[in-house]
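# Secondary and tertiary structure notes
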Amino acid sequence: MSSTADHFGAKASGRTLKVAHLYPELLNLYGDSGNILCLRKRMEWRGITPDIMEVHVDDRPTFADVDIAFIGGGSDREQKIVCDKLLAERDELAAFVEDGGVLAAVCGGYQLLGSSYLMADEKVEGLSLVDLYTDHDDPRLIGNIVVESEVSPQPIVGYENHGGRTHLGEGVKPLGRVLYGHGNDGKTGYEGVLYKNVLGTYVHGPLLPKNPGVADWLISRALERKYGDGSLEPLDDTEELAANKVMYDRLMSGQVEES
Ligand code: GLN
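Quick summary incoming for the structure in this document. Predicted model only: the values in this text are computed from it and were never measured. (Residues numbered from 1 in each chain as written. Predicted model: local features only at pLDDT ≥ 70, side-chain atom pairs only at ≥ 80, totals over all residues. Heavy atoms only, no water.)

## Re the packing of helix α2 (residues 34-44) against helix α7 (residues 212-227)
- Their axes nearest at 10 Å, the elements α2 and α7 cross at an angle of 70°. Put simply, α2 runs roughly perpendicular to α7. The way α2 lies across α7 gives a crossing that is right-handed. From α2, Cys 38, Leu 39, Arg 42 and Met 43 reach across to α7, where they touch Pro 212, Ala 215, Asp 216, Leu 218 and Ile 219. (Axes fitted to C-alpha atoms, helices over the stretch in contact; angles between N-to-C directions. Helix = DSSP H or I, 4+ residues; strand = E, 2+ residues; numbered from the N terminus. Parallel < 35°, antiparallel > 145°, perpendicular 65-115°, else oblique. Left-handed = near helix turned anticlockwise from the far one by under 90°. Contact = heavy atoms within 4.5 Å.)

Written as structure tokens, this is what we have:
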């Protein structure tokens with residue numbers, strides 16, 4: 001991103017959003033931590049103060065004053081460590097979600113939102129925050145992905161790599177429709193989940209720098225919940241949108257060969 005606060009003449013709005021970054025040392029595949037940088041900058045450019053809290057494995061976080069929680073993806077081993085820890089916070093996280101707290105979860109983190117995740121050799125209990133579950137199959141679903149979603153004016157582009165197959169409960173809304181790639185299970189054509197202000201997705205990339213529309217959806221939802229006004233000053237996303245379009249055009253033209 002080339003933009004700066006000065007460039008946009010951001011004025012202090014007196015507004016603050018607290019972001020909880022869950023387990024950055026364990027769940028950070030394919031640059032997922034870049035999502036936090038992106039949230040931080042897009043808030044700063046608008047004069048919204050980001051208050052970033054890192055939650056580490058032995059912390060006992062409270063979500064009472066959190067506006068946006070983010071959890072990234074990781075290997076099965078790391079995911080298992082995190083899940084055991086997070087189960088202790090389950091009730092508080094559920095209260096946060098039901099109260100409209102904004103939660104973004106990528107891949108391994110997304111799988112943890114459901115009731116269970118079947119690893120290659122073990123079934124792990126999930127947080128049961130959203131009606132979904134994940135089992136496992138071969139081959140892994142790997143490659144570039146493009147998703148059409150109501151949360152973003154541009155198609156969501158990124159990268160997926162998961163053995164898990166996620167199944168949404170009856171009537172549970174997906175994040176969007178797969179235009180290229182695999183998504184939740186490689187069969188239904190759906191990708192991710194949307195529940196209240198929870199956004200779960202298999203899209204790494206990192207997700208938010210590549211898809212500023214998704215970043216702004218999260219920020220806007222959090223502002224709406226906290227201040228009753230989710231309107232956002234537009235930013236100059238010329239470069240981000242050009243990069244998004246290059247990827248979209250390349251993938252949709254059929255010129256890319258995935259392994
Ligand atoms: N361990 C999970 C899977 O393979 C998630 C991997 C990831 O976060 N990319 O399904």
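## Considerations on the pairing of strand β9 (residues 176-180)
- Bridge count for strand β7 (residues 132-149) against β9 is 4 bridges, and the pairing is antiparallel. Bridge pairing in β9 places Val 146 opposite Tyr 180.
- The pairing of β9 with strand β10 (residues 190-191) spans 2 bridges and is classified as antiparallel. For Gly 176, the partnering residue across the bridge sits in β10 and is Glu 191. (Pairing = 2+ DSSP bridges.)

## Examining the sheet that holds strand β1 (residues 15-22)
- Taken in spatial order, the 6 strands line up as β2-β1-β3-β4-β12-β11 in an open sheet, and their pairing is mixed. The outermost strands of the open sheet, each flanked by one partner alone, are β2 (48-55) and β11 (193-195). Mean inter-strand twist for the sheet, computed between neighbouring axes without regard to direction, equals 15°.
- Two elements, β1 and β2, share 8 bridges in a ladder whose sense is parallel. Bridge assignment links Thr 16 to a residue of β2, and that residue is Thr 49.
- Contacting β1, β2, β3 (68-71), β4 (102-106), β11 and β12 (198-201), α7 crosses the sheet at an angle of about 120° to β1.

## Some remarks on α7
- Look at α7: 22 Å from first C-alpha to last across 16 residues, which is about the 22 Å you get at 1.5 Å a residue.
- Looking only at α7, the buried set comprises Pro 212, Gly 213, Val 214, Ala 215, Asp 216, Trp 217, Leu 218, Ile 219, Ala 222 and Leu 223.
- The first or second residue beyond α7 is Gly 228, which carries a positive phi of 75°. (Expected span 1.5 Å × (residues − 1). Buried < 20%, exposed > 50% of the residue type's maximum accessible area, 1.4 Å probe, protein only.)

## A few points about the nonpolar core
- Among the nonpolar cores identified, the biggest contains 64 residues, and Tyr 23, Ile 71, Leu 103, Leu 129 and Leu 199 are the most heavily contacted of them.
- When residues in this core are grouped by element, the largest group, 7 residues, is from α7.
- Here Leu 199 is in contact with Leu 103, Ala 104, Ala 105, Val 151, Leu 175, Val 193, Leu 194, Leu 207, Val 214, Trp 217 and Leu 218, once residues within four sequence places are set aside.
- Counting 5 residues, the second-largest nonpolar core is a separate cluster that includes Val 157, Tyr 180, Met 247 and Leu 251. (Core = buried A, V, L, I, M, F, W, Y, C linked by side-chain atoms within 4.5 Å.)

## Brief notes about empty space enclosed by the protein
- Counted under the stated rule, the structure contains 1 cavity of 30 Å³ or more.
- Volume-wise, the largest cavity comes out at about 40 Å³.
- What lines the largest cavity is simply Leu 22, Ile 71, Leu 86, Leu 93, Leu 103, Gly 109, Leu 112, Leu 113, Leu 127 and Leu 129.
- Among the residues making up the lining of the largest cavity, the classes are represented as 9 nonpolar, 1 polar and no charged. (1 Å grid on protein atoms, 1.4 Å probe; cavity = no way out; pocket = protein on both sides within 12 Å on 5 of 7 lines; lining within 4 Å. Points joined across faces, edges and corners; volume = space filled by probe spheres on them. Nonpolar A, V, L, I, M, F, W, Y, C, P; charged D, E, K, R; others polar.)

All quantities given are derived from atomic positions and should not be read as evidence of function.
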